[in-house]
Amino acid sequence: MGVSPILLIAFVFSLPFHLEFIQYKNLIGVLLILSTVSTLCLSGLVTRLLKEPLNKLLEAQKEIRHGHLDCRLSEGEGQEFEQLFDCFNKMAYGMEMAAKHERMVAEERVLFK
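Residues numbered from 1 in each chain as written. Predicted model: local features only at pLDDT ≥ 70, side-chain atom pairs only at ≥ 80, totals over all residues. Heavy atoms only, no water.

Pairing is possible between side chains of opposite charge, provided their charged atoms come close. Here the structure, examined in full by the defined rule, presents four salt bridges. Close ionic contact of R72 with E96 constitutes a salt bridge, the shortest N to O distance being 2.6 Å. Pair noted here: R72 is in the loop between α2 (21-65) and α3 (79-111) and E96 is in helix α3, with a separation of 24 residues, a long-range link. A residue is classified by how much of its surface remains accessible, and E96, at 16% relative accessible area, is buried. When the shortest N-O distance is used, the salt bridge between K100 and E96 registers 4.0 Å. Within this pair, K100 and its partner E96 are both found in helix α3, separated by four residues, close to a single helical turn. (Salt bridge = Lys/Arg side-chain N within 4 Å of Asp/Glu carboxyl O. Helix = DSSP H or I, 4+ residues; strand = E, 2+ residues; numbered from the N terminus. Buried < 20%, exposed > 50% of the residue type's maximum accessible area, 1.4 Å probe, protein only.)

Below, the discussion takes up the packing of aromatic side chains. Scanning the entire structure with this criterion turns up one aromatic pair. Here F81 and F85 contribute two aromatic rings whose centre-to-centre distance is 6.1 Å and whose plane-to-plane angle is 50 degrees, an arrangement assigned as tilted. Here F81 pairs with F85, and both are found in helix α3, just four residues apart, close to one helical turn. On the basis of relative accessibility, which here comes to 14%, the residue F81 falls in the buried class. (Phe/Tyr/Trp six-rings, centres within 6.5 Å; stacked < 30°, edge-to-face > 60°.)

Ranked by size, the top nonpolar core spans ten residues in total: L57, A60, I64, L69, C71, L73, F81, F85, F88 and A92. Among the secondary structure elements, those contributing two or more residues to this core are α2 and α3. A per-element tally of this core places α3 first, with four residues. (Core = buried A, V, L, I, M, F, W, Y, C linked by side-chain atoms within 4.5 Å.)

Here α3 spans 48 Å end to end across 33 residues, near enough to the 48 Å set by a 1.5 Å rise per residue. Within α3 the residues assigned to the buried category are F81, F85, F88, N89, A92 and E96. (Expected span 1.5 Å × (residues − 1).)

Moving on, we come to the confidence of the model for the protein. Across the protein, pLDDT averages 82, with 83% of residues at or above 70. The secondary structure element of the protein with the lowest average pLDDT is helix α1 (residues 3-13), at 68, and the one with the highest is α3, at 87. (pLDDT = per-residue confidence, 0-100.)

This is the structure we're talking about:
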């Protein structure tokens, strides 16, 4: 996003000097509007790309919180999200194993009483 203003300045300084001030003013206004629109589109795209995987993570966290310890996330979202989802899946697996172990210990206590 920081490249747009630099390109705008470079473009303006590469224009011929014989243009009048009004023409420069109009050109800068148009370029500023184009730069703003492109920045908004890019930020919308980045938001969309981040929102879906984070919503998946939140939904999986809710499932875990409600006792569904077998909930896992698919890992096809990009390298950073793959690492995050992998860590989440390992955490969920550890919780599931701890819950199973706790149930087994509780069952053994009942059997040996």
